[in-house]
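Chain by chain, the residues run as shown.
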Amino acid sequence: MIETDGQRVPSTLREAALAALAASDLDMKVDRTNLACRMWFGRRLGLYGAADPAHPGRPGRPSEPVLVSPRTVKRRSVHTLEGRIALIHALAHIELNAIDLALDIVARFAPERVPRSFFDGWMTVALEEAKHFRLLSRRLESLGSHYGALPAHDGLWQAVEETAHDLGARLAVVPLILEARGLDVTPSLVEKLEAVGDEETADILRIIYRDEKKHVAIGAKWFRFLCARERRNPAERFRELVRASFRGEIKAPFNDRARAEAGLTPTFYRALSPRSS
Ligand SMILES: [Fe+2]
Ligand SMILES: [Fe+2]
C-alpha cells in the first residue's frame, strides 16, 4: 500500500475523514482534509467499509493552544495590534473546530440513508473550513504571532457530543445555529477592521462570510430533506431539536437577510431567542 505522511492511503471516505480528524499536527490535518476531498470528488473512495478505523471520539489537537473555559478568554478590541491578534486567533480556533465538525458529520453519519451529494456538500464545507483556518493562521504569522500562542475556549466540541446520536439534531445545531451565528456577527467585524485600516484581515473575513452562507445553505437543504422524508414541519422540528440538544444562548440581533438567503427563515429561530418577540 502506498503511504502518505506515514498514513495508509484511504479506501473509503469515512477512513479518509477519520484520518484528518485524528491528525494532531494541523498542517497534516489540513493536508489530509484536502486529500480526502480530492479523492472523494475524483471518485476514488467508497463511502464506508468494515475495515474503517474506530472514531477517535475527540479530534487530534496539538499541545497548544491551552484550552480554557469560555469565560476566561479575554475581550478583544480591534484598536490595538494585540486585540486584533486575539480576535484573529479566536476566529482561527473556530475555523479549526469547523474543519473537525464537517469531518465528523461525514465520518459519523456515513452509514446514514442519504444521497451521495450529502457527502459532496460536507466535504466542500470541510475543504473551505481548512482554507479559512490556513488564511487566518497565515495572517497571524504575518502579524508576528501564530495559532497556539493564546489560550482558546473548549465549548464547540460539546455540540458534537450532544448531537452524536442524531443527524437532524446535528444539522440543527452545527450549521443552523453555530454557523448561522457567524452570518450575524461577521459584517460588523469587517466594518470594524476596515475602520482601523486592517484591509488584509477584512478581506479574509469577506471570503469566510461568503463561504459560510453556503455552509448554512447546505445545512438548511439537508435539514429540510430529512424533515420532508419524515413528513415533519422543518421550522417546528428545528425548534424542538434545538430545545432538546443545544444549551447555549440564541442571541439577537439576527442577520435575517443573509439567513433567509441561506434558506433559514425567521420562523426557525425567532421564537428561540429570549430577546425577540
Ligand atoms: Fe469557516
Ligand atoms: Fe462553515
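Anyway, here's the lowdown on the structure attached to this text.

### Re the layout of surface pockets
Here is step 1 of the chain: One number sums up the size of the second largest pocket: a volume of about 230 Å³.
Here is step 2 of the chain: Looking at the lining of the second largest pocket, the elements with two or more residues in it are α2 (26-41) and α4 (116-142).
Here is step 3 of the chain: The leading source of residues in the lining of the second largest pocket is α4, at 5 residues.
Here is step 4 of the chain: In terms of residue class, the lining of the second largest pocket is made up of 5 nonpolar, 1 polar and 5 charged.

### Some thoughts on the packing of aromatic side chains
Here is step 1 of the chain: According to the stated counting rule, one finds 9 aromatic pairs in the structure shown.
Here is step 2 of the chain: Look at Phe 133 and Tyr 147: their rings are 5.3 Å apart centre to centre, the planes differ by 85 degrees, and that puts the pair in the edge-to-face class. A residue pair is termed long-range when its members are at least 10 positions apart, and Phe 133 in helix α4 and Tyr 147 in the loop between α4 and β4 (152-153) qualify at 14 residues. Here the two residues Phe 133 and Tyr 147 agree in accessibility, since each one is buried.
Here is step 3 of the chain: By way of ring pairs, the aromatic residues Trp 40, Phe 118, Phe 119, Trp 122, Trp 222 and Phe 225 are connected into one cluster.
Here is step 4 of the chain: The ring of Trp 40 is capped by Arg 43, whose NZ or CZ atom sits 5.5 Å from the centre of that ring.

### Some remarks on the coordination of the iron ion (ligand 2)
Here is step 1 of the chain: Coordination of the iron ion (ligand 2) by the protein comes from Glu 129 (OE), Glu 179 (OE), Glu 212 (OE), Glu 212 (OE) and His 215 (ND1), over a distance range of 1.9 to 2.7 Å.
Here is step 2 of the chain: Binding-site remark: the iron ion (ligand 2) is held by donors from one chain whose sequence spacing is E-x49-E-x32-E-x2-H.
Here is step 3 of the chain: In this structure, the iron ion (ligand 2) lies 3.7 Å from the iron ion (ligand 1), and both are coordinated by Glu 129. Taken together, the residues span a long stretch of sequence, with Glu 129 in helix α4 and Glu 179 in helix α6 (residues 167-195) at a distance of 50 residues.
Here is step 4 of the chain: Judged by relative accessible area, Glu 179 falls into the buried class, the value being 12%.

### With respect to helix α7 (residues 199-229)
Here is step 1 of the chain: Between its first and last C-alpha, α7 extends 45 Å over 31 residues, near the 45 Å set by a 1.5 Å rise per residue.
Here is step 2 of the chain: Directly after α7, the chain includes Arg 231, whose backbone phi takes a positive value near 55 degrees.

### Description of the nonpolar core
One recurring pattern in soluble globular proteins is that nonpolar side chains are buried together.
Here is step 1 of the chain: Residues Trp 122, Phe 223 and Phe 238 are the most contacted members of the largest nonpolar core, which totals 84 residues.
Here is step 2 of the chain: Not counting residues up to four positions away in its chain, the partners in contact with Phe 238 are Ala 172, Leu 176, Ile 177, Phe 223, Phe 268, Tyr 269 and Leu 272.

### Concerning the coordination of the iron ion (ligand 1)
Here is step 1 of the chain: At 2.0 to 2.8 Å from the iron ion (ligand 1) lie its protein donor atoms, namely Glu 95 (OE), Glu 95 (OE), Glu 129 (OE), His 132 (ND1) and Glu 212 (OE).
Here is step 2 of the chain: Donor residues binding the iron ion (ligand 1) come from one chain and are separated in sequence as E-x33-E-x2-H-x79-E.

### Points about the packing of α6 against helix α8 (residues 234-245)
Here is step 1 of the chain: Running from N to C, α6 and α8 cross one another at 90 degrees; their axes reach a closest spacing of 9 Å. As summarised for this structure, α6 and α8 are arranged roughly perpendicular, according to the angle between their axes. On the side of α6, the interface is formed by Gly 168, Ala 169, Ala 172, Val 173, Leu 176 and Ile 177, while α8 contributes Phe 238, Leu 241, Val 242 and Ser 245.
Here is step 2 of the chain: Along the lines of polarity and charge, the residues of the contact of α6 with α8 split into 8 nonpolar, 2 polar and no charged.

### Brief notes about the pattern of salt bridges
Here is step 1 of the chain: Following the criterion strictly, the structure yields 27 salt bridges and no others.
Here is step 2 of the chain: A salt bridge links Asp 198 to Arg 84; its shortest N-O distance comes to 2.7 Å. Taken together, the residues span a long stretch of sequence, with Asp 198 in the loop between α6 and α7 and Arg 84 in helix α3 (residues 81-108) at a distance of 114 residues. In terms of burial, Asp 198 and Arg 84 fall into one category: buried.
Here is step 3 of the chain: As a salt-bridge pair, Arg 237 and Glu 240 come within 2.6 Å of each other at their nearest N and O atoms. Of this pair, Arg 237 and Glu 240 both sit in helix α8, separated by 3 residues, roughly a single helical turn.
Here is step 4 of the chain: Members of the salt-bridge network, linked through shared partners, are Glu 128, Lys 131, Arg 210, Asp 211 and Lys 214.

About the thresholds
Residues numbered from 1 in each chain as written. Chains lettered and ligands numbered in written order. Predicted model: local features only at pLDDT ≥ 70, side-chain atom pairs only at ≥ 80, totals over all residues. Heavy atoms only, no water. 1 Å grid on protein atoms, 1.4 Å probe; cavity = no way out; pocket = protein on both sides within 12 Å on 5 of 7 lines; lining within 4 Å. Points joined across faces, edges and corners; volume = space filled by probe spheres on them. Helix = DSSP H or I, 4+ residues; strand = E, 2+ residues; numbered from the N terminus. Nonpolar A, V, L, I, M, F, W, Y, C, P; charged D, E, K, R; others polar. Phe/Tyr/Trp six-rings, centres within 6.5 Å; stacked < 30°, edge-to-face > 60°. Buried < 20%, exposed > 50% of the residue type's maximum accessible area, 1.4 Å probe, protein only. Lys NZ or Arg CZ within 6 Å of the ring centre and 35° of its normal. Donors = N, O, S within 2.8 Å, 3.2 Å for Na, K, Ca; no water. Expected span 1.5 Å × (residues − 1). Core = buried A, V, L, I, M, F, W, Y, C linked by side-chain atoms within 4.5 Å. Contact = heavy atoms within 4.5 Å. Axes fitted to C-alpha atoms, helices over the stretch in contact; angles between N-to-C directions. Parallel < 35°, antiparallel > 145°, perpendicular 65-115°, else oblique. Salt bridge = Lys/Arg side-chain N within 4 Å of Asp/Glu carboxyl O.

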